[in-house]
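Descriptive structure summary
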Amino acid sequence: MPGPTHTLLDLDALPGLSIAETHGSRVYLSGDRAYKVRKAVRFPFLDQTAVADRDRLAHTEVRINADLAPSTYLGVITALVGGVPEPVVEMRRFAEASTLVSRLADGRVNAAMLEQLGQRLAVFHAAAPIRLGGGAAESLARIDRNAEELLADFRDALPARDLWRRTRPLQASVLLHADLLDDRAAAGHWREGHGDLRADHVVFDDDGGLQIVDRLEFDPSLRTHDVGDDLAFLLMDLEARGARWAAETVLAAYRTAGGDPGPPQLLATWSAYRACVSAKVALLRHRQAPQGRAADRAHELLQLAGRLAWRTRPARTYVMCGPPATGKSTIAAVLSERSGFPVVSSDVVRKRAEGVRLTERAAPAAYSAARTNAVYRDLGLAAAAALDAGADGVIVDATMGASAMRAVFLDALADSEQPIFVECRVPRAEADHRARMRLHDVAAISDATPAVAARLAAAWEPLDEIPAAHHLVVRADRPLAAVLDGVEQWLDTADGPG
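Residues numbered from 1 in each chain as written. Predicted model: local features only at pLDDT ≥ 70, side-chain atom pairs only at ≥ 80, totals over all residues. Heavy atoms only, no water.

Along the backbone of the protein chain there are 17 helices and 17 strands. Dimensions along the principal axes, computed over C-alpha positions, put the protein chain at roughly 110 × 45 × 40 Å. Looking at the protein chain as a whole, 50% of its 498 residues qualify as buried. Long-range contacts, defined as pairs at least 24 residues apart, comprise 71% of the intrachain contacts of the protein chain with a sequence gap of at least 6. Per element, the accessible surface of the protein chain, about 22,200 Å² overall, is 54% carbon and sulfur. (Helix = DSSP H or I, 4+ residues; strand = E, 2+ residues; numbered from the N terminus. Buried < 20%, exposed > 50% of the residue type's maximum accessible area, 1.4 Å probe, protein only. Contact = heavy atoms within 4.5 Å. Areas by Shrake-Rupley, 256 points an atom, 1.4 Å probe, with all protein chains shown as cover.)

As structure tokens, this is what we get:
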């Protein structure tokens, strides 16, 4: 007598079926169960075209997620997918409304939940296996590998010049902190972490339970890194979703629980790197499903990577200075967009002190020596206040044409870190042309007429008292993008601030 036959579960026939899809898998959702099926795909960082590899990865996924999501992963089964048997990870289904992403979207997150998350990650990292190696060389290699993959596959979406802008500051930061990175690896901070810490992988049950799912299973080396790098993925993802406050709460709780994720500049480096990796994944997804918003997501992540890269640089205050009509206000505005740093302007400080509208001409008395000194004092105080209020950096827009003015500003700023002075220059004829054009601009804030611009240019005092490593002269009659690219490149090379 033949034995009983076993009928395989047919995922396509599940009642109430819905499917969620990523670049590497499909998740079949039905009732209180979720079934994860790996796609037979190959990427530079993943090859699961063979069924044996998909089976191995399924079992690995169940095993490594037991620490952070013990009640979610039930095991590996064989099920029919499109009529073909496939290894499938069976999971208890959680409500999408319970994910941190959904809770952030509708305001169902409080500080206690985020503190629980930070504490749980600190405990997880403390217990995670320590791995040999790591440090600066491996950190640099990962940044370079990600850039190589972006260059090879997505040059249409991310031109080489833009990729260079995203990658160069990260390389520079790793080299600047090479000794610290090596010391951290030697001290046991290089561990086998989660590898894919994102807000949609964090689940808060209504009864207060916390599950952190989807630990990266396909390459152990990609979940093995400095614990700060692992945490930075989540911090970046929260900020990308407009919840920097949540990232700061998680980070504070992580530190309070004994976690050591490294100093802010390293966290910014890792976060910017994670934003670039996530952008690559979004571009992969866009190729699979062009009708979605993955391309927009990739663009947003690359913009975030650029802002985060500014936090890796050693200075906090950037002074755009030069005679009137040399383009410093325009450059300051574009730099603010790139960096996310606020702008404090001498024109704005002066006119607010005089009680006139920004586009209204101030009286000549507003430009007396005494009032100008007061403006530069208040300018320094305003920049210091922005930093004290939590700004990662600040951009100052002012002529700074005399050493006495600069001394007053620096004394009021009272920052232990030397600001970077970017001195803008254009040919005299170009400055005169710009000043004349501004006379007809009803939105212009500057009061400098062509005659005033010429007089202040003639009286300009060189910035000899500013250390050479903190003083950059730029020709501001080039295209804006080229000017800003040059500033960033200088900051990221040996010629920049040390």
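Turning our attention to unusual backbone geometry. With a phi close to 70°, Ala 325 is a non-glycine residue in the positive phi region. Taking relative accessible area as the criterion, Ala 325 reaches 5% and is therefore assigned buried. For Ala 414, which is not glycine, the phi dihedral falls at a positive 50°. With respect to the secondary-structure elements, Ala 414 resides in the loop between α14 (403–413) and β16 (420–425).

Taken in spatial order, the five strands line up as β14-β15-β13-β16-β17 in an open sheet, and their pairing is parallel. Bordering the open sheet on either side are β14 (343–345) and β17 (471–475), each of which pairs with just one other strand. Within the sheet, the average angular offset between the axes of one strand and its neighbour, ignoring direction, is 20°. Examined bridge by bridge, strand β13 (residues 317–321) and strand β15 (residues 394–397) share four bridges and lie parallel to one another. The residue bridging Met 320 from the neighbouring strand is Asp 397, located in β15. Along the sheet, helix α11 (residues 328–339) makes contact with β13, β14, β15 and β16, crossing β15 at roughly 170°. (Pairing = 2+ DSSP bridges. Axes fitted to C-alpha atoms, helices over the stretch in contact; angles between N-to-C directions.)

Here the focus is the nonpolar core. Ranked by size, the top nonpolar core spans 64 residues in total, and within it Leu 100, Leu 117, Leu 121, Leu 238 and Val 250 carry the most contacts. If you tally residues by element for this core, the top one is helix α9 (residues 264–288), at 12 residues. If near-sequence neighbours (up to four positions away) are discounted, Leu 238 is found in contact with Leu 100, Leu 104, Ala 199, Ala 243, Arg 244, Ala 246, Ala 247 and Val 250. Core analysis: the next-biggest nonpolar cluster, separate from the first, contains 25 residues, Ile 331, Ile 395, Leu 484 and Val 487 among them. (Core = buried A, V, L, I, M, F, W, Y, C linked by side-chain atoms within 4.5 Å.)

With that out of the way, let us pick up the sheet that holds strand β2 (residues 18–21). Pairing is mixed in the open sheet, where six strands are placed in the order β1-β7-β8-β4-β3-β2. Lying at the two open borders of the sheet, with one neighbouring strand each, are β1 (9–10) and β2. Bridging between strand β7 (residues 73–81) and strand β8 (residues 84–92) involves eight bridges; their strand directions are antiparallel. The partner of Val 76 across the bridge, within β8, is Val 89. Each of β4 (33–38), β7 and β8 is contacted by helix α1 (residues 51–64), which is oriented at about 10° to β8, the strand it contacts most.

Inspection of every chain in the model, using the stated rule, returns three aromatic pairs. With a centroid separation of 5.2 Å and 85° between ring planes, the pair formed by Trp 310 and Tyr 318 is classed as edge-to-face. Judged by relative accessible area, Tyr 318 falls into the buried class, the value being 1%. Measuring from centroid to centroid gives 6.2 Å for Tyr 318 and Phe 341, while their planes differ by 25°, and the two rings are stacked. Of this pair, Tyr 318 sits in strand β13 while Phe 341 sits in the loop between α11 and β14; the two residues are 23 residues apart in sequence, bridging distant segments of the chain. The pair Tyr 318 / Phe 341 is uniform in exposure class, with both members buried. Arg 313 extends its terminal NZ or CZ atom over the ring of Trp 310, reaching a point 4.4 Å from the ring centre. (Phe/Tyr/Trp six-rings, centres within 6.5 Å; stacked < 30°, edge-to-face > 60°. Lys NZ or Arg CZ within 6 Å of the ring centre and 35° of its normal.)

Moving on, we come to the confidence of the model for the protein chain. Looking at the protein chain, the pLDDT average stands at 91 and 97% of residues meet or exceed 70. Element-level mean pLDDT values for the protein chain span from 81 in helix α16 (residues 450–458) up to 98 in helix α8 (residues 244–256). Every residue in residues 1–5 is under pLDDT 50, and counting partners more than four places away or in other chains gives zero contacts. (pLDDT = per-residue confidence, 0-100.)

Turning next to the pairing of β13. For β13, the tally of buried residues reaches five of five residues, placing the bulk of the element in the interior. Along β13, one buried face is formed by Thr 317, Val 319 and Cys 321 and the opposite face, lined by Tyr 318 and Met 320, is buried too.

So, on to the pattern of salt bridges. Pairs can form between side chains of opposite charge whenever their charged atoms are close. Enumeration according to the criterion identifies 45 salt bridges in this entry. Note that Glu 138 and Arg 145 form a salt bridge whose closest N and O atoms lie 2.9 Å from each other. Put simply, Lys 280 and Glu 149 hold a salt bridge, and the shortest N to O gap is 2.4 Å. Of the two residues, Lys 280 sits in helix α9 while Glu 149 sits in helix α4 (residues 136–153), which places them 131 residues apart along the sequence. (Salt bridge = Lys/Arg side-chain N within 4 Å of Asp/Glu carboxyl O.)

Turning our eyes to something else, we now look at the environment of Ala 178. Summarising the element assignment, Ala 178 is placed in helix α6 (residues 178–186). Sequence separation of Ala 178 and Ser 139 is 39 residues, and the distance between their C-alpha atoms is 9.3 Å.

Burial in helix α12 (residues 346–354) covers these residues: Ser 346, Asp 347, Val 348, Val 349, Arg 350 and Lys 351. In this structure, the buried side of α12 is in contact with β14, α13 (369–388) and β15. For α12, the capping residue at the N-terminal end is Ser 345, with a side-chain oxygen 3.2 Å from the backbone nitrogen of Asp 347. Among the residues trailing α12, Gly 355 stands out with phi positive, at a value near 75°. (Polar contact = N/O pair within 3.5 Å; in protein donor to acceptor, adjacent residues only side chain to side chain.)

Bringing the environment of Thr 312 into the picture now. Relative to the helices and strands, Thr 312 is located in the loop between α10 (294–310) and β13. As for Thr 312 and Val 174, which are separated by 138 residues in sequence, their C-alpha atoms are 9.5 Å apart. Beyond its immediate stretch of four places on either side in the chain, Thr 312 contacts Pro 169, Ser 173, Gln 265, Ala 268 and Thr 269. Within polar-contact distance, the side chain of Thr 312 engages the backbone oxygen of Ala 309 at 2.6 Å.

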